[in-house]
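Structural description and commentary
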Amino acid sequence: MGKNKHLQYSQSPLNSSSQRWIRLFSRNTSYMIIMCRVIMSSMFAPMFYCLLFFHVQATVFGSTDIYIGGFIAEGTFELNITLQNIEDAYDNGTEIKEAVLLAECETFENKSTCQCKESGGVWSGQVCQDYRCCILAVNGSAVVSGEFKIDNITSNADLQNLLNMYLYHLMEPTGKITGVVEVAECVGSGNETKCGCKSDHIWNSTVCADHPQCCNNAECQADVSNYTPLCLPKVNVELTGEIKSKSKSKKSAIWGLDSSLENMLNSTFQKMSGYGGDVSVNVSSDSLSAVFSVTLNAVFQTAQLQKLINDLQVKLTADITVESEGIVEIKLSDKEQYELSCDLEDEMKVCSWSLKNKDNKEMVVGEGTETEIRCPSPCYNTMLVLEKNARAGWYTCRLTSDSISHKASVKLNIPEPPVIIMKSKPQTADCTEGLESINVSCKMANDFNFTLSCPDNDVKTGNAEESLIVDIPCKDKLDSLKCTCNVTYYDETYSQNLEVPVLKSGDRFCVSENGWPKTKVGSTATQSCGPERVGNKSRTCDENEDWGSVFNYCVRKDVDNLLKSAMDIAKGYGNTPEEVGNIFSVMTNVTNLEYEATLADVEAFINTLGALNTATSNIEVIGDSVMTDFIESATNVLSMDWSGGNKTYKENLSANYLQSVEGLLQNIQVNQSSGYNTTLMQFQVRQKDIKYPRTIFDISLRLSTSASQAKILAIKNLSELLPNRFLDTESSSIVVAVALQSNKSEPSGINLEFPLKKKKPRNHEIICVRWQNSMWDKEGCEWKPRNNSHATCDCYLKGGETMTGNNSKVSTRVRMSLSTLMSKSPIELPGLEEITLAGLGASICCLVIFVFVECLVWKAVTKTDIAFFRHTALVNIATFLLLANVSFLVTSLIQDLTQQHPTMCLVLALAKHLFYLVMFFWMFSLSMILLHQLMFVFSPVMRKTFFFVSIFTGYICPMVTVSVTYMYYHLTHDGSYYDPHTCWLKYDAVLQGSIHAFLLPVGVIILINLFTMVKVIVTHLRPQVSAGTVDEREIAKSILKVIAILTPVFGVSWALGFLVFVLDVTDGILPKMVSYAFTITTSLQGLFILLTGILGEIKVQNEVSKCVSCVKPERSESTRNCTSSIKKNSSLF
């Protein structure tokens, strides 16, 4: 017969009672946990009652958590559970009276928001994240939310009948109970209640706080049946702490005896649930510090422990830190990446991760190339994301608030990626010496199974090192033998191939030399490094059967270890400011050592700087000593010998170097430092008066910015190593790196005046450049021409990189590296070459016509001595101008061919030099004849005299000038008579260079011809002035006529060339206009001679008209004269 139970136990007189708490759990991994309470009652008068409490775990579905009747389901729907399933689980007298939906909760980012339903549920507190905050009033008695009220249940009901019970929604199963465990029992008699947790459970911390007499006792003499949950499963929580005295003197009362401190710790931790009195204390020898450990069997709230620790710190006058293990739950998810997550119900301030490797060394894990930390603020949880090739070991998360930390650890077993080393002995399969086989080996740096195979040979397997004797295919006439070593790693196959060259009869090779073995042409031999270095040396046998230069990739072991440490920090392992400072300190010491550094050492140091640049971009490094070590190390690296590699290799190294130095200059923060100088670098910091000009390495610098801090670093000997995408330019100054930090994102400007390494030649352009995307770029920079010894640059930057520091202050960082480039050759004005070629073509045609016409009318126009002198000079001027123009045009059209054939270029240079001088000397002869006639009217020059003087002046003088100039420069200046790029005379400096053998005589001739022109103008105007008939228009016309006629034949337009030679086209618009005017007038000189010599002379026009009339049938005198002139045209020469 069943015992009577009372329905409303809280308002009924009770004589005795019995309560049992049961936990139901699910084996499914996607369960939820709630607490439920079942009240059993009877229709009869109460004698005693029994309350059954269930911890329910069930498999559920949906997106919104809905708590009902002690069961949990998911979804946005009303839940209608078939309660008959529970009724059928008990005796026939069991009846379920009611089930009420009390609360609906939603979970977002591990936080729950609950809302009581309208069916009588009210909040039991102001703030709650749990369904238990809702209570329900039933017939005047308070029933904890989420409970079933069951009538007529027998006290000896088999609770195992709850197993495998289903929950239903709309006639569909939504969950299943898979386990039941009894956790507690209460017995009530009258007004007294006695409760106790089972042996593997412990009181809820709330029970412990409200009823201290119950805490850490198996039984509790109090009515605590209304606490939900009442008992919790025991857990193993380890507390370890450290106590450090604030005083420097010994504490005899507390610190001197372990037992005294142990008693204080016991009295403190016994206030916490689950404390069993087990505390271990170890005081240091100086009695100023101690460590302790405590074991708890229950979880606790961080605030509760913090309060106890604060009280203990006051009592001990010490600083105490405590770390727990067992409260935080850590999970590992193995997806495309490893995801390690830690969760805690309490709100913490800081989260961190660490790794203990196989050497039992613990290091901090921070942000890096292989790691990513996700930690919200405040911290309820933290996640560490690792790449698949991450480090193996114990990963530990820590959630810290004030002096309390909670940690959890998990071991991650990640095999290291395979490292395959293949070798052959000997390195070349030599068929010429009767060799029949070679030894091919495959070696693993770590323990992996691999297979070694070669064509037509057996396949070998191993996991450390295996060798295979391979037959040489001499008869197959193969050029090489290819072997492969395969390793499977995480379902991915890694392969290493080895190609062994086969040397057959007739093949060319390099003989063995200084340890380098006999090697086939086109193949590379290798040598191992010495005992203090790692890597190898290589050397290639070139097509000429000569050994190439040795490529030494041997790195010192200490440098290699330094690089590995820096790479670890960049990946995220040990990424702390202290570790970065240690690396820089070691690097400074290593680079200061006196030893012969190889280019491989240089590359290792540069890669170390690059790794530290990556590391410091993820953490804040502050320290004047760190900046000093960085600059010292960077200087030492730049001072090393960079020889041994090709141009592209060294350009890549220098680009990486500048990128790293620029980044580290920005990332490393300084406190009080104002600067630091080395032989190759000068560093300055400005926190005030940033806009004032300053000088660094003789560079005048002025900033236009709102930045709060400016760091400036000038670097020597770097610009010439950097890659340059601007063709026909070279480095002309040092590099200046600038890092700005501002609280505003505004454009910044910088003005620099660089001293040039060498003076800027005339017409050479300076390009102001900034380092961007691993190359020089002129975008944002402008050159301001000032003088030839300095280059002034104005550069502008838009905003910068926005960063948020630990103090939540937003700062903008801007960095740039600046320098200048100088063109190796004079700049070319647009269209100038086209104008030159078109003008030369037109002049050549006109000169051909002019010479032909002169021959045609020669006898008719040279009857007088003056006419004979004049036309003789004109024909020679036109002839040699024609030859010079043709030479100039040929040089322009076959420029590539002349560079390939220096002799052709020399011939053209000599021809142009000679032909132009002959032309000018004949201009001089014409000028002298004209001047003589004006000044000595009654002393005419005889033709015979003119002939000898003209021959000497027009031919002998130019030939002697050219010959002497060529011999002088050829014999004394190493063949620097001409420029092989232009096939013209060279200019080295003022009064230096073969060009002066042209400029000086031409300049003198032009001055004399100008004097003659002025004399002609004055003589021409004298009759008009004497007659008193002064007409300004006629005078102007007369002057212009003289100038127009004499300018082409006197070469006056060439005077512009001296201005072109003096002016610099980079100085403004005037020099450019002069250059265009000189090009146009000189290239069209033949056209002007044609216009003035034929169309401008009436007598010549008449004779041409007479010759044209030769086509008429009647033969007149003029026809005969024309024919005679044609036949005797050779008398001109």
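An account of the accompanying structure is given in this report. The numbering scheme is per chain: residues are counted from 1 as the chain's sequence reads. Thresholds applied to this predicted model are a pLDDT of at least 70 for local features of residues and 80 or more for the giving and counting of side-chain atom pairs; totals over whole chains, interfaces and linings are not thresholded and use all residues. The side-chain numbers reported here are obtained from all heavy atoms of the structure, hydrogens and water having been left aside.

Remarks on the nonpolar core
We apply this condition: For our purposes a nonpolar core is just a set of buried Ala, Val, Leu, Ile, Met, Phe, Trp, Tyr and Cys residues, chained together by side-chain atoms within 4.5 Å. Classification of residues uses two cut-offs on accessible area relative to the type maximum, computed with a 1.4 Å probe and protein chains only: under 20% is buried, over 50% is exposed, and between them is partly exposed. Every residue pair with non-hydrogen atoms within 4.5 Å of one another is taken to be in contact.
One finds Leu239, Phe269, Phe292, Leu305, Tyr395, Met422 and Val440 to be the most contacted residues of the largest nonpolar core, which totals 73 residues. Setting aside residues up to four positions removed in sequence, Met422 forms contacts with Val440, Ser441, Cys442, Leu452, Cys483, Thr484, Cys485, Gln496, Asn497 and Leu498. With 71 residues, the next largest nonpolar core counts Leu926, Ile1005, Val1052 and Ile1094 among its residues.

Some words on the pairing of strand β25 (residues 338-348)
This is how the line gets drawn: Only DSSP runs of H or I reaching four residues or more are called helices, and only runs of E reaching two or more are called strands; each is numbered from the N terminus. DSSP bridges decide pairing: two strands pair if at least two such bridges lie between them.
For β25, the buried fraction is high: eight of the eleven residues fall into the buried class. Two elements, strand β24 (residues 329-334) and β25, share six bridges in a ladder whose sense is antiparallel. Paired with Ile330 across the two strands is Cys342, which belongs to β25. Count of turn residues in the β24/β25 antiparallel hairpin: three residues. Note: β25 against strand β29 (residues 379-386), seven bridges, orientation antiparallel. Looking at the pairing, Cys342 lines up with Thr382 of β29.

Some thoughts on the packing of helix α12 (residues 865-893) against helix α15 (residues 943-972)
The description of two packed helices rests on the angle between their axes and on the distance between the axes. Put simply, the test is: Lines are fitted to the C-alpha atoms to define the axes, a helix being fitted only along its stretch in contact, and any angle between axes, read from their N-to-C directions, falls within 0 to 180 degrees. Under this scheme an angle from 65 to 115 degrees is roughly perpendicular, one under 35 degrees roughly parallel, and one over 145 degrees roughly antiparallel; angles in between are oblique. Crossing chirality is assigned from the near helix's rotation relative to the far helix, an anticlockwise turn below a right angle marking it left-handed and a clockwise turn marking it right-handed. Side-chain classes follow a simple rule in which Ala, Val, Leu, Ile, Met, Phe, Trp, Tyr, Cys and Pro form the nonpolar group, Asp, Glu, Lys and Arg form the charged group, and the remainder, Gly included, forms the polar group.
Between α12 and α15, the shortest axis-to-axis distance is 11 Å and the interhelical angle comes to 20°. Taken together, the axes of α12 and α15 lie roughly parallel to each other. Judged by the sense of rotation from one axis to the other, the crossing of α12 with α15 is right-handed. On α15, the residues that touch Asp865, Phe868, Phe869, Thr872, Asn876 and Phe880 of α12 are Arg943, Phe946 and Tyr955. Here the contact of α12 with α15 is composed, by residue class, of five nonpolar, two polar and two charged.

Some remarks on the pattern of salt bridges
The following threshold applies: In what follows, salt bridge is the name for a side-chain nitrogen of Lys or Arg lying within 4 Å of a carboxyl oxygen of Asp or Glu.
One pass over the full model with this rule turns up 30 salt bridges. Where Lys504 meets Asp507, a salt bridge forms, and the shortest distance between an N and an O atom there is 3.5 Å. What makes Asp507 partly exposed here is its relative accessible area of 23%. A salt bridge links Arg508 to Glu543, with the nearest nitrogen and oxygen atoms 3.0 Å apart. One end of the pair, Arg508, is in the loop between β39 (492-503) and β40 (509-510); the other, Glu543, is in the loop between β43 (533-540) and β44 (551-556), and 35 residues separate them in sequence. Using a relative accessible area of 38% as the deciding quantity, one classes Arg508 as partly exposed. A single salt-bridge network, built from bridges that share partners, covers Glu323, Glu325, Glu362, Arg398 and Lys407.

A look at the sheet that holds strand β34 (residues 437-444)
The sheet built from three strands is open, its strands ordered β32-β34-β37 with antiparallel pairing. Whereas interior strands pair on both sides, the edge strands pair on one side only; in this sheet they are β32 (420-425) and β37 (465-471). Sheet twist, expressed as the average angle between the axes of neighbouring strands with direction ignored, equals 20°.

What about the side chain of Thr576?
Summarising the element assignment, Thr576 is placed in the loop between α5 (557-571) and α6 (577-591). Residue classification places Thr576 among the buried residues on the basis of a relative accessible area of 14%. Not counting residues within four places of it along the chain, the set of residues in contact with Thr576 comprises Val364 and Ile619.

A look at unusual backbone geometry
The amide bond that connects Lys425 to the next residue, Pro426, takes the cis arrangement and shows omega of 0°. In this structure, Pro426 sits in the loop between β32 and β33 (429-430). Positive phi, normally seen in glycine, also occurs at Asn514, with a value near 50°. Topologically, Asn514 is positioned in the loop between β40 and β41 (519-520).

Side note on the state of the cysteines
Selection rule: When the sulfur atoms of two cysteines come within 2.5 Å, that pair is taken as a disulfide.
Counting across every chain of the model gives eleven disulfides. With its sulfur 1.6 Å from that of its partner, Cys214 forms a disulfide with Cys220. Every disulfide takes its handedness from the sign of the S-S torsion; for Cys214 and Cys220 that torsion is 40°, giving right-handed. Given a relative accessible area of 0%, Cys214 falls into the buried group.

A short note on the sheet that holds strand β36 (residues 460-462)
If you walk across this open sheet you meet the five strands as β33-β39-β38-β35-β36, and the pairing is mixed. Whereas interior strands pair on both sides, the edge strands pair on one side only; in this sheet they are β33 and β36. Note that strand β35 (residues 450-453) and strand β38 (residues 480-489) share four bridges and pair antiparallel. Within the sheet, the bridge partner assigned to Phe450 lies in β38 and is Val487.

Here's the deal with the environment of Ser528
With respect to the secondary-structure elements, Ser528 resides in strand β42 (residues 524-528). On a C-alpha basis, the gap between Ser528 and Ser538 in space is 9.0 Å, while along the polypeptide they are ten residues apart.

Things to note about a negative patch on the surface
Applicable threshold: Here the term patch refers to residues with relative accessible area over 30% and no salt bridge, with like charges joined within 9 Å and nonpolar side chains (Val, Leu, Ile, Met, Phe, Trp, Tyr) within 5 Å. Per-residue and other accessible areas were derived by the Shrake-Rupley procedure at a 1.4 Å probe size, with only the shown protein chains allowed to occlude residues. Charge assignment: positive for Lys and Arg, negative for Asp and Glu; neither His nor the chain ends contribute. Note that the charge is assigned to NZ on lysines, CZ on arginines, CG on aspartates and CD on glutamates.
Together, Glu436, Asp456, Asp471 and Asp476 make up a negatively charged patch on the protein surface. With respect to the secondary-structure elements, Asp471 resides in strand β37.

A few points about a nonpolar patch on the surface
Side chains of Phe947, Phe948, Ile951, Phe952, Ile956, Val960 and Val964 sit close together on the surface and give an oily, nonpolar patch of about 660 Å² of accessible area. Within the secondary structure layout, Phe948 lies in helix α15. You can call Phe948 exposed: its relative accessible area is 51%.

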